[in-house]
Amino acid sequence: MVSKEPTDEALRSLIDHFPKSSLLISKEDLIPYSFDATATFYQPPLAVLFPSSIADIQWILQWAKANHACILPRGSGTSLSGAVVPQKNSIVLSMAKWNKILEIDRNNLTILVEPGVTTQSVQEEADKLSLFYPPDPGSYKISTIGGNVGHNSGGIRGLKYGVTRNYVLGLEVILPTGQLLWLGNKCMKDSAGYSLKDLFIGSEGTLGIVSKVLLRLIPKPQERQVILASFSTLEAAAEATSAIINAALIPSALEFLDRKTIDCIEQYNPAGFPKESEAVLLIESDGHPQAVRDEIVCILKVLQLYNPLDIKIAEEPKDQEQLWKARKVAFSALARKAPTVLLEDITVPRSALAEMIRKIQQISSQYGVEIAVYAHMGDGNLHPVFLADEQNEDLMEKVYRAMKEIFLYAIKLGGTITGEHGVGLAKKEFLAYQYNKEEFQLLKSIKKILDPDNLLNPGKIFD
Ligand SMILES: Cc1cc2nc3c(=O)[nH]c(=O)nc-3n(C[C@H](O)[C@H](O)[C@H](O)COP(=O)(O)OP(=O)(O)OC[C@H]3O[C@@H](n4cnc5c(N)ncnc54)[C@H](O)[C@@H]3O)c2cc1C
């Protein structure tokens, strides 16, 4: 682990090497790079570097090694796991200005981008060619492709289309040693040995710095329809979800919002969600027009079995847009409700959804902690949101205990402590509950092989 602070001489060599415009070192300038979107972590870095070339990155890696510092790659800093909160002697390596789209290959349906390109830009670029880039984290307007790769980000469309990993065909990566690698290719199939590329996806900036990403695009679905179904209990909505999956229906999105979340959305960005319901499901079907119509009919049949209070179908793009916009502001709407709002992220097998939701409700009342829940329900990916207050130590202690119990229960049901936000700082103490000793050791040995000097984002995922 990094221990000593770099000497004044070492800092001088850093300042002398880079032009003023590419290095931030004043206390004020470092503030925005001292945290991410998690509420409870803060630590200023030593400096922030905006590299202008691979050579700059290789130089700073060498400098960090020689001067007991470490390097933290950063996109837009929207991580929800503390993964881009610096360690004490960190240089933040901001890749946000590496935001060029380098090539669109219409023949192969691929797009090559720099890591600082936003998710939205890739989606828009694909759309211009009637193509589609499905991964859509709620932060898509500002999150970067490098950050999406760092966390293997998912989103609303994960159910049918998968997550970032399913669209990454190739990565250019700089190892902590400075070695430049190109991993992957434009082929749709590749069985040549271990998939090194996949090691870096979801590695949270701990194994290498991603400098280019080759993404797969797919044809744009011709039609979409959205169902809004409301229920009088959370469990009915959860059971309806499991039944849809059990009927082998895979809509493009199947989202869940509980009463607390619906109320907050309606106060913040009214979308006409039914006021009397305890939970709603938002279900989207996309594809060929006839296939969409058939799928909607089948989904409606399943929903009817769970006594919905109401069902509406939004066929017009503007009505669909309004519903999805409301869903996408769920976190912002809840964030207004308490001084400290902690957005958590667990996934369980989809047959266990009702049981997990029951458990969250029970834990909430047992600890006297307010927990809202919204979810990428079709993926089994739940977001319990804790409405808390950092200043209230007693409450924070209860929140921590409630959270731990939720994570352990998810693991007990065969689930995971994170479906998309990663481990970072926030969850590293819980990782050992999910993996046994040997598996945990194997994770650590992968880090040791690729980053023997522990230069890249140390202290994240595990110590
Ligand atoms: C309102 C809101 C909604 C969100 N919704 C979702 C959601 O629906 N689904 C979801 O999955 N996440 C969601 N997130 C979390 C977050 O937006 C994603 O994890 C996103 O992919 C992070 O992108 P970023 O550019 O901000 O990366 P950062 O936060 O800057 O970095 C994320 C990780 O990637 C690493 N990294 C960044 N760039 C590089 C690089 N070039 N090379 C190597 N490592 C790199 C970092 O070190 C860090 O570990 C949400 C966050 C917010 C605030």
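Reference entry: report on the structure contained in this document. (Residues numbered from 1 in each chain as written. Predicted model: local features only at pLDDT ≥ 70, side-chain atom pairs only at ≥ 80, totals over all residues. Heavy atoms only, no water.)

Once that is clear, we can look at the side chain of Q123. Relative to the helices and strands, Q123 resides in helix α4 (residues 119-128). Once residues within four sequence positions are removed from consideration, Q123 is found in contact with Y133, P135, D136, Y140 and R157. (Helix = DSSP H or I, 4+ residues; strand = E, 2+ residues; numbered from the N terminus. Contact = heavy atoms within 4.5 Å.)

Applying the stated criterion to the full structure yields 21 salt bridges. Linking D136 and R157 is a salt bridge whose minimum nitrogen-to-oxygen distance equals 3.8 Å. Here D136, found in the loop between β7 (131-132) and α5 (145-151), pairs with R157, found in the loop between α5 and α6 (158-161); they are 21 residues apart in sequence, far enough to count as distant. Across the pair, R157 and D136 agree in class, each one buried. In this structure, D263 engages R259 in a salt bridge whose closest nitrogen and oxygen atoms are separated by 2.6 Å. Here the residue D263 and the residue R259 both occupy positions in helix α9 (residues 259-268), the gap between them amounting to four residues, near one helical turn. Judged by relative accessible area, which is 32%, D263 ranks as partly exposed. Salt bridges here are not isolated pairs; linked through shared partners, they connect E103, D105 and K186. (Salt bridge = Lys/Arg side-chain N within 4 Å of Asp/Glu carboxyl O. Buried < 20%, exposed > 50% of the residue type's maximum accessible area, 1.4 Å probe, protein only.)

This part covers the site of the ligand. Neighbouring the ligand are 36 residues, the closest being P73, T78, S139, T144 and S153. Here an oxygen atom of the ligand sits 2.5 Å away from a polar atom, N or O, in the side chain of S139. Interatomic distance of 3.4 Å between a backbone N/O atom of G147 and an oxygen atom of the ligand. Summarising the interface, the protein chains cover 93% of the accessible area of the ligand, which totals 970 Å² for the free molecule. Sorting the residues of the shell around the ligand by element identifies β3 (70-74), α5 and β10 (209-216) as the ones contributing at least two each. Grouping the amino acids of the shell around the ligand by side-chain chemistry returns twelve nonpolar, 21 polar and three charged. (Near = heavy atom within 4 Å. Polar contact = N/O pair within 3.5 Å; in protein donor to acceptor, adjacent residues only side chain to side chain. Areas by Shrake-Rupley, 256 points an atom, 1.4 Å probe, with all protein chains shown as cover. Nonpolar A, V, L, I, M, F, W, Y, C, P; charged D, E, K, R; others polar.)

All we've got here are geometric facts, nothing functional implied.
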